[in-house]
2 protein chains.
Amino acid sequence: MKSYNEYSKEELRLELEELNKKYKEYQNLNLNLNMARGKPNTAQINFSMPMMNVLTNDDNYIASDGQDVRNYGDLPGIPEARKLFADYLGIEPEETLVMGNASLNIMYDCVARAMLKGVLGSEKPWCKYDEIKFICPVPGYDRHFTICEFLGIKMIPVKLTEWGPDMKTIQELVKDETVKGIWCVPKYTNPYGGCYSDEAVKQLASMETAAKDFRIFWDNAYAYHYVYKDVEVLNILDECKKAGFPNRPYIFGSTSKITFPGSGVSFFGASKENIEFSMKQLNAESISWDKINMLRHVKFLKDLDGIKSLLDKHANALRPKFDIVLNMLDTELSGLDAGSWVKPDGGYFVTFIAKNNCAKRIYQLCKECGLTMTEPGATHPYHLDPDDSFLRIAPSYPSEEELKQAMIIFTLSAKISTVERLLNK
Amino acid sequence: MKSYNEYSKEELRLELEELNKKYKEYQNLNLNLNMARGKPNTAQINFSMPMMNVLTNDDNYIASDGQDVRNYGDLPGIPEARKLFADYLGIEPEETLVMGNASLNIMYDCVARAMLKGVLGSEKPWCKYDEIKFICPVPGYDRHFTICEFLGIKMIPVKLTEWGPDMKTIQELVKDETVKGIWCVPKYTNPYGGCYSDEAVKQLASMETAAKDFRIFWDNAYAYHYVYKDVEVLNILDECKKAGFPNRPYIFGSTSKITFPGSGVSFFGASKENIEFSMKQLNAESISWDKINMLRHVKFLKDLDGIKSLLDKHANALRPKFDIVLNMLDTELSGLDAGSWVKPDGGYFVTFIAKNNCAKRIYQLCKECGLTMTEPGATHPYHLDPDDSFLRIAPSYPSEEELKQAMIIFTLSAKISTVERLLNK
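Note that the structure is a prediction, hence the values are computed from the model and not measured. (Residues numbered from 1 in each chain as written. Chains lettered and ligands numbered in written order. Predicted model: local features only at pLDDT ≥ 70, side-chain atom pairs only at ≥ 80, totals over all residues. Heavy atoms only, no water.)

A.B. asks: Give me the pattern of salt bridges: which residues, what numbers.
C.D. replies: Side-chain pairing between opposite charges can occur once the charged atoms of the two side chains come close. All names here are of chain A. Per the counting criterion, the structure on display carries 34 salt bridges over all chains. Close ionic contact of Arg361 with Glu420 constitutes a salt bridge, the shortest N to O distance being 2.7 Å. Here Glu420 lies in helix α13 (residues 400–424) and Arg361 lies in helix α12 (residues 359–368), a separation of 59 residues in the sequence. Since its relative accessible area comes to 26%, Arg361 is described here as partly exposed. Judged by its relative accessible area of 17%, Glu420 is buried. (Salt bridge = Lys/Arg side-chain N within 4 Å of Asp/Glu carboxyl O. Helix = DSSP H or I, 4+ residues; strand = E, 2+ residues; numbered from the N terminus. Buried < 20%, exposed > 50% of the residue type's maximum accessible area, 1.4 Å probe, protein only.)

A.B. asks: I'd like to hear about the interface of chain B and chain A, residue by residue, with values.
C.D. replies: Each partner contributes residues to the interface: chain B has 57 residues there, and chain A has 57 residues. Together, the buried faces of chain B and chain A total about 4,900 Å²; carbon and sulfur atoms form 53% of this surface. Of all residues in chain B, B:Arg70, B:Tyr72 and B:Phe150 bury the most surface against chain A, accounting for 16% of the area lost on that side. Across the chain B-chain A interface, the total number found is 0 salt bridges. Between chain B and chain A we count 21 residue pairs in polar contact (both at pLDDT 80 or more) in total. Elements with a contribution of two residues or more to the side of chain B that touches chain A: α2 (42–46), α4 (103–117), α5 (142–150) and α10 (291–301) of chain B. No other element matches α4(B), which puts 9 residues into the side of chain B that touches chain A. Looking at the side of chain B that touches chain A, its residues break down into 26 nonpolar, 18 polar and 13 charged. (Contact = heavy atoms within 4.5 Å. Buried area = accessible area lost by both parts, 1.4 Å probe. Polar contact = N/O pair within 3.5 Å; in protein donor to acceptor, adjacent residues only side chain to side chain. Nonpolar A, V, L, I, M, F, W, Y, C, P; charged D, E, K, R; others polar.)

A.B. asks: I'd like a rundown of helix α3 (residues 79–89) of chain B, residues and numbers included.
C.D. replies: Residues and elements named next belong to chain B. Burial runs high along α3: 8 of the 11 residues are buried. Where α3 is concerned, the buried positions are Glu80, Ala81, Arg82, Leu84, Phe85, Ala86, Tyr88 and Leu89. As for α3, its buried residues are in contact with β2 (96–98), β8 (249–254), β9 (266–269), α9 (272–282), α10 and α11 (304–333).

A.B. asks: Give me the lowdown on the sheet that holds strand β7 (residues 215–219) of chain A, citing residues and values where you can.
C.D. replies: All names here are of chain A. As summarised here, the arrangement of the 8 strands in space is β2-β9-β8-β7-β6-β3-β4-β5, forming an open sheet in which the pairing is mixed. Here the strands that pair on one side only, and so sit at the sheet edges, are β2 (96–98) and β5 (164–165). Relative to strand β6 (residues 179–184), strand β3 (residues 133–138) is paired through 3 bridges, and the arrangement is parallel. Across the sheet, Lys133 pairs through a bridge with Val179, a residue of β6. In this fold helix α5 (residues 142–151) packs onto β3, β4 (154–161), β6 and β7, with an angle of close to 160° to the strand it touches most, β3. Seen against the sheet, helix α8 (residues 236–243) touches β7 and β8 (249–254) and runs at an angle of roughly 170° to β8. (Pairing = 2+ DSSP bridges. Axes fitted to C-alpha atoms, helices over the stretch in contact; angles between N-to-C directions.)

A.B. asks: Hey, could you go over the pairing of strand β11 (residues 350–353) of chain B for me, with residue numbers and the actual values?
C.D. replies: All names here are of chain B. Taking every second residue as pointing to the same face, both faces of β11 are buried, with Val350 and Phe352 on one and Thr351 and Ile353 on the other. As defined by bridge partners, strand β10 (residues 340–341) adjoins β11 across 2 bridges and the pair is classed as antiparallel. Along β11, the bridge assignment pairs Trp341 with Phe352. As paired strands, β11 and strand β13 (residues 390–393) are joined by 4 bridges and run antiparallel to one another. Residue pairing for β13: Ile353 is matched across the bridge by Phe390.

A.B. asks: Describe in detail the relation of the copies chain B and chain A, supporting the description with residues and values.
C.D. replies: With an RMSD of 0.0 Å, the fit of chain B onto chain A corresponds to turning through 180° and sliding 0.0 Å along the axis. The two molecules are tied by a two-fold rotation axis, judged by turn and shift. Most of the interface of chain B is mirrored in chain A, where 100% of its interface residues again form contacts. (Least-squares fit on C-alpha atoms with pLDDT ≥ 70 in both.)

A.B. asks: Report on the sheet that holds strand β4 (residues 154–161) of chain B, specifying residues and quantitative values.
C.D. replies: All names here are of chain B. Across the sheet, which stays open at both edges, the 8 strands sit in the order β2-β9-β8-β7-β6-β3-β4-β5 with mixed pairing between neighbours. This sheet does not close on itself; its edge strands, each paired only once, are β2 and β5 (164–165). Here 6 bridges tie strand β3 (residues 133–138) to β4, and the two strands are oriented parallel to one another. Of the residues in β4, the one forming a bridge with Pro137 is Val158. Against the sheet, α3 makes contact with β2, β8 and β9, and its axis sits at roughly 125° relative to β2, the strand it touches most. Its contacts with the sheet place α4 against β3, β6 (179–184), β7 (215–219), β8 and β9, and it is angled at close to 155° to β8.

A.B. asks: Before we move on, can you summarise α12(A) with the specific residues and values?
C.D. replies: Residues and elements named next belong to chain A. Regarding α12, the residues found buried are Ala359, Ile362, Tyr363, Leu365 and Cys366. The arc that holds the buried residues of α12, viewed along the axis, is 165°, so those residues lie on one side. Exposed residues lying more than 90 degrees from the buried face of α12 are Lys360 and Lys367. Check the buried side of α12 and you find it contacts α1 (9–27), β11 (350–353), β12 (371–372), β13 (390–393) and α13. Gly370 occupies a position one or two residues after α12 and carries a positive phi of about 85°. (Arc of directions from axis to C-beta.)

A.B. asks: Tell me about the packing of aromatic side chains, and please be specific about residues and values.
C.D. replies: Each aromatic ring pair is specified by the distance between its two centres and by the angle formed by the two planes. Residues and elements named next belong to chain A. Inspection of every chain in the model, using the stated rule, returns 36 aromatic pairs over all chains. With a centroid separation of 5.7 Å and 85° between ring planes, the pair formed by Tyr196 and Trp218 is classed as edge-to-face. A residue pair is termed long-range when its members are at least 10 positions apart, and Tyr196 in the loop between β6 and α7 (198–206) and Trp218 in strand β7 qualify at 22 residues. Across the pair, Trp218 and Tyr196 agree in class, each one buried. Ring geometry for Phe252 and Phe268: centres 5.7 Å apart, planes at 45°, overall tilted. Taken together, the residues span a long stretch of sequence, with Phe252 in strand β8 and Phe268 in strand β9 (residues 266–269) at a distance of 16 residues. Accessibility assignment for this pair places Phe252 and Phe268 in one class, buried. By way of ring pairs, the aromatic residues Trp126, Phe134, Trp183, Phe217, Tyr250, Phe252 and Phe268 are connected into one cluster. Its end group placed over the ring of Tyr348, Lys257 keeps NZ or CZ at 5.2 Å from the ring centre. The aromatic ring of Tyr228 is capped on one face by Lys343, whose charged end is 4.2 Å from the ring centroid. (Phe/Tyr/Trp six-rings, centres within 6.5 Å; stacked < 30°, edge-to-face > 60°. Lys NZ or Arg CZ within 6 Å of the ring centre and 35° of its normal.)

The analysis is restricted to geometry; functional conclusions fall outside its scope.
Below you can see the structure in the form of structure tokens.
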């Protein structure tokens, strides 16, 4: 295909007319489509329905240590759940706490407690600094940014590539004592879809930071959530231990995209010392989390192989949808120079990088044609995408039929916005 | 019975010999008893086992508003759960959020958010004051005090009676702008067992406070949890509205002592304005709480009558145990002047008020005889009971047989400590 850059003004004008005509046709269909929601579809959720039968009136509610899971107590979580999710994170049960219904809540709470009280080794609570800062690889996960914005933590965006964040810039930034943390989604990054290289993980683990209480917030949301290919990412806790900074990483995960989103269990991984420190703090806010749900999950998932085989089913359900998105991008946009995209190996998103100053226009065009996309800017701290170019495509929730229509509208909008830009240059 | 106060030295010496002989006999039994845990016993927990069958593989997971409870979303909780627990709290569904597995966690989070960001109407986050203070009626619930101590909030103890806290002192204290809150367990107070009088509730609702952002933390843990008599306590939100301070109360509750402790749902009640404000803050920490468990609870409990009839069963299970404790206190200690106690109408505790400087000694004597009691001081901020007199008896968990033995040891220890004190005067 000839790139739009090579079109003459006249050719661009004709192309825009053509595109607008097609756009109008779709607009007249009064569609109501949504590619904004990074949530599993109902078919995926149904994979876990047998879990609803593993703990009934007739079952045994005694955990492996003899406790009745139906009563108070056991802050760190029942032993069999700690073992299962430690295996999942590639760490030890003593390095794992099993907690409430969502890892987002643990992440928020970890940052909030750090603000109020500090982390292990802090000289003072983080809120006692005039300002503290977090490094935010972009594009990134909006919920991470919301936590920082809510708590008044200054966010410093750093460019993310397919192989992890720009480590050179990060190594400079952490020379500032008030830079206290970094958000990382190491595998099938949200929304970029890449995976951190061994080099990136090692550098994050071993870099010298001015803050002695620097923390890596390692949101391992998609640990085994491949779509095309299971990629190996180095274990951050191992690497930090090797580098002499065992207390640097806080690891987060949940079963939200394994069993039921928001009705599963979440877990927190860290060095034994961090876990002991955290337990003392957590004692102020909790007696125990939902142990019945922990036991239910262990009985259903059984072991790491059980989780992996369930995630095979998820991958099989998601693949045709990712295929539709990626094929449509390829068919409609390849060679046009109307945006680029990354083919992810797993996770829940495809990132579309529009031509500069086109993302908002694409969003608007989609919206006016009945297609809801994630708001442009959501991928950046303070919703500030300086190039106005990033858009997040979430293929998981719509049906394949809906996705096809949505991608026609999306690619059409990408073309229109690009041509409009070239005409107004 | 003749009071120990009227005993001669010689009589006291003989009594102590007698008591110690009996104590030794019990010590030789090598018992392992526990009256420390305010948790339901297994028979009570079994009342809710049918709940484990109301949501299986075959059931419908669509909430009344059409949402699939198995997926993400709906921060305030599903409508039918908001309705049920609003009825429970005597407020409106729009005034109610249904949240995670424990109200303790909501309480902590409410105070933590107030520290970090302030509440509706705050001039600044509470952590920006050199010091803020909470009023703590004593004896009170140790977990409330732990939250304050952890977050560096200065606690001011105020005497609690059977009819609520000493309102005169409170009305003076709230003239201080840095007094931001008060902890209240209004019904069957933990551990005192009394209920707030209409007068106390009205005064709390209507008093002038220097802090415009003063909050009543109304831990309605035992809303319908009677043992002997269902007492009516005025609705704090109603009273605050009438008094022109609708945003003053934060109301907390959970199903921990209705269905499964720590595996139920919790709820937060407040004015509509407070709820809207809180939702905006909560958006930083959660997408939604466990909606499957909400639906499970609604399907099982059905309505307020369903909750009440379940709590009738709890009352029937608890009453014989409270009878044992109260009868033993009466039989063994009445007239001796070796301590006093309050007969509660409901809740989970009996408070024993030992003679001054005897509580620690009683605790120690019990311990050395194989009976674990709640640590003395737990009922007071900073574990400081100035008179060393309060002990909390939790009758719910042990069997009736165990309770009888435990109460023999306890009353024996109360007598020994009293006689020892009189001899050492």
